[in-house]
Amino acid sequence: MRFKSLGLLVAGMSLAVLSNGCVSMLAKMALSMATSKTNDLSLCALQTRYVTNLYPKDAHTFEMAYYTSTWTEGAGLVMVSCTARNGSSLYEIEGTVQVDGQPMEYVAGGSYSKILPAGDTKPKTITITTTSGQKTSFTVTPTQPIELVAVNGKKTDSKVDVSEDMTLEFANVGADAGYVRVGLITDTSGMRNFSDIGVYKLGKKIKVPAVAFRHPTLFQTKGGGTLNGKRLASLSTSTQLVTGANYIFVERYEATPIKAEGAAAVENLGLAWSWMPVTVKGSSETIPGVAIAKTMNTSSGGVDYFSTKPASATGKPLARAKKFALVSMSLDGQLEAITDATKYEMGTGATTKNAAGMDEHIYHAWKFPQLPVQHWDSEMERFYGELTAVFQKDFGITFIPTEDVLKAPSYKELTALEEVANAQKISHTFRGLKSFAGPRIGTATVSSDKTEVQLMRELGVDGLVVVNLALTLPTEKVTSEPCNGLVSLPEGGISTSITCRLGEASLQTKATFRIIGMPKAYGPQLTTYAEGELATVKGIGYQRDEFKDAAALGLVVRSHDLVNALKTALREQESKATELGYNDVWATSPQLSASGT
């Protein structure tokens, strides 16, 4: 079993019940192991949840185990969670956490809560004081209430057939309706929790398409690993909708960043809940995601490709995007490889004594010629040009200029790539772009504080693209060309006989890619359009003097073949996603946009 992320477990303890949740005793253990203590608020990203109208106890969700004595139907709840702003840790605060001067109960995983009386919707003041003397205080408010009055036209004894569309009716919608999340109870290996089946524009009526029942938020997936070095395209999940007695759950949400002195990042979620008991009938296969793994044959040899898109809660169709930004593209190459034939390859005929009876080392060496950096620049330009052309022609997506990316305020936080260009190694970045790494890249901080989110808003794009080209020397063939002085032998190595592969210098290329987008609604997880890898099956040999022409490098790196493999992988992935209903689910599911709405 594989949990989606530590952040998912964190949010599960924080009552983000539609998209997150704890799923077993293993989750409890993971929370405990991932939680440390701190008295430094600069390390913390604080998220509060102000919930109104708790659902009934007989929903029997896993999270309610933490509130057995206090959970009350119709009551309210305020929760504060502390996650690492610059990492994935959870923090229990050394000090006090209070709401309106009253202590909040420590639940688990860096989360504190206080149950409120039903009908209490007054603003609440959260005050945190640490043992180091740090203090922060801020006020949180709920969002306007929501009232679900009918499911499929019935106010009581409602039936939900998962093979048919579902209609929800609401009262007191209000002028500024906003959005709601809709969920049903699912079961994951015996653990019950609410799973999101979509985000919808709130109106007097909402239609939930039948396909949405195949796309509940998953708490566990399996597969997508490797076998004998080959990627596996099989994905599965044990998360299933609970048939029979169940609850329709709707949540109106409002996410508000808060500036609070003494706190690094604060976000409040105003969450108004409404629910109705229903009977679910029928069954539908849960979609765990999309994974494609094949080999594309070309005149230059095969290219393996693997691409995956997660379940639709965080897996977004490319059809939802119009504009991307390349935020990182780097090239790393091993240009020299040496093995000690005496020690590792006795079967090749190597000897250990010379004519004088002295020990002798024999090395097999492979060396790709050291080329001007301009050659590698030309190759990366070629790759980028073909890449952007594919996205424009096949998917209707344009890329903004890399110059705009470099100017973005949040981009300055990213880590610069160390440039290396010598006889043994090439490490080079495209047009001065940085490594996609930084203090708040991939961390557990709140959505509004994520560097990725801020970058997309600053650049006005729907997604960020990261590419890495990794080059390795194939070492399966040995020729007998002398190469004394042309390779860097290990220190102390004594050699009177060296075999080389200079006449057939070649490279094998692996390209990894990742395309991410804005979180769906207020969820902490970024969405993913696609991620995977492309790999040439074998290297192609070329004579050294052929590299006087920079264009020849493309025949070795095989940029054209790699981009064609990516195009094929993405076409197949999107076709499969469409078949499984991704576009239908996302057509009714608004999400955070680059403009912040």
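Above this text is the structure in question.
In this report, we go over the structure that sits alongside the text. Worth saying up front: this structure is predicted, and the values here are computed from it rather than measured. (Residues numbered from 1 in each chain as written. Predicted model: local features only at pLDDT ≥ 70, side-chain atom pairs only at ≥ 80, totals over all residues. Heavy atoms only, no water.)

1. Thoughts on the overall build of the protein
Using the following cut-off: Comment: elements are numbered from the N terminus, with helices defined as DSSP H or I runs of at least four residues and strands as E runs of at least two. Partly exposed describes any residue whose relative accessible area lies between the buried limit of under 20% and the exposed limit of over 50%, with all areas from a 1.4 Å probe on protein chains only and scaled to the type maximum. Here, two residues are considered to be in contact whenever any of their heavy atoms come within 4.5 Å of each other.
When you go through the protein residue by residue, the secondary structure sums to 9 helices and 35 strands. The burial tally for the protein puts 55% of its 597 residues in the buried class. Taking all contacts inside the protein whose residues are at least 6 apart in sequence as the whole, residues at least 24 apart take part in 73%.

2. Quick notes on the pattern of salt bridges
In plain terms, the rule: Within this document, salt bridges are pairs made up of a side-chain nitrogen of Lys or Arg and a carboxyl oxygen of Asp or Glu, the two lying within 4 Å of each other.
With the rule as written, the count across this model stands at 15 salt bridges. Between Lys294 and Glu572 there is a salt bridge, with its nearest N and O atoms 3.4 Å apart. Of this pair, Lys294 sits in strand 24 (residues 289-296) while Glu572 sits in helix 8 (residues 559-579); the two residues are 278 residues apart in sequence, bridging distant segments of the chain. Overall, the relative accessible area of 46% leaves Lys294 in the partly exposed class. Each of Arg85, Glu413, Arg440 and Asp449 takes part in a single network of salt bridges with overlapping partners.

3. Quick notes on the sheet that holds strand 11 (residues 147-151)
The line we're drawing: DSSP calls a pair of strands paired once it identifies at least 2 bridges connecting them. With axes taken as lines fitted to C-alpha atoms, and helix axes fitted only over the stretch in contact, angles between N-to-C directions fall between 0 and 180 degrees.
Taken in spatial order, the 3 strands of this open sheet run 11-13-16, and their pairing is antiparallel. Edge positions in the open sheet fall to strand 11 and strand 16 (205-208), since each of these has one partner strand only. Taking each pair of neighbouring strands and ignoring which way they run, the sheet shows an average axis angle of 30 degrees. In terms of strand pairing, strand 11 meets strand 13 (residues 166-171) through 4 bridges, oriented antiparallel. Across the sheet, Val151 pairs through a bridge with Leu168, a residue of strand 13.

4. Focus on the environment of Met33
On the secondary structure map, Met33 appears in helix 2 (residues 25-34). Given a relative accessible area of 70%, Met33 falls into the exposed group. Distance in space between the C-alpha atoms of Met33 and Leu90 is 9.4 Å, their sequence separation being 57 residues.

5. Digging into the packing of aromatic side chains
To keep things clear, this is the line we draw: Here a pair means two rings of Phe, Tyr or Trp (six-membered ring of Trp) with centres within 6.5 Å. Their orientation is stacked below 30 degrees between planes, edge-to-face above 60, and tilted elsewhere. In this scheme, Lys NZ or Arg CZ marks a charge over a ring once it lies within 6 Å of the ring centre and within 35 degrees of the ring normal.
Evaluation of the coordinates by the stated rule reveals 16 aromatic pairs. Taken together, the ring pairs connect Phe324, Tyr384, Phe391, Phe395, Phe399, Phe430 and Tyr529 into an aromatic cluster. Between Lys201 and the ring centre of Tyr179, over which it is positioned, the NZ or CZ distance is 5.1 Å.

6. Describing the sheet that holds strand 10 (residues 135-140)
Taken in spatial order, the 4 strands line up as 6-5-9-10 in an open sheet, and their pairing is antiparallel. On the outer flanks of this sheet lie strand 6 (102-103) and strand 10, each paired with one strand and no other. When strand 5 (residues 95-99) meets strand 9 (residues 124-130), the two strands line up antiparallel, connected through 5 bridges. Bridge pairing in strand 9 links Val97 to Ile128.

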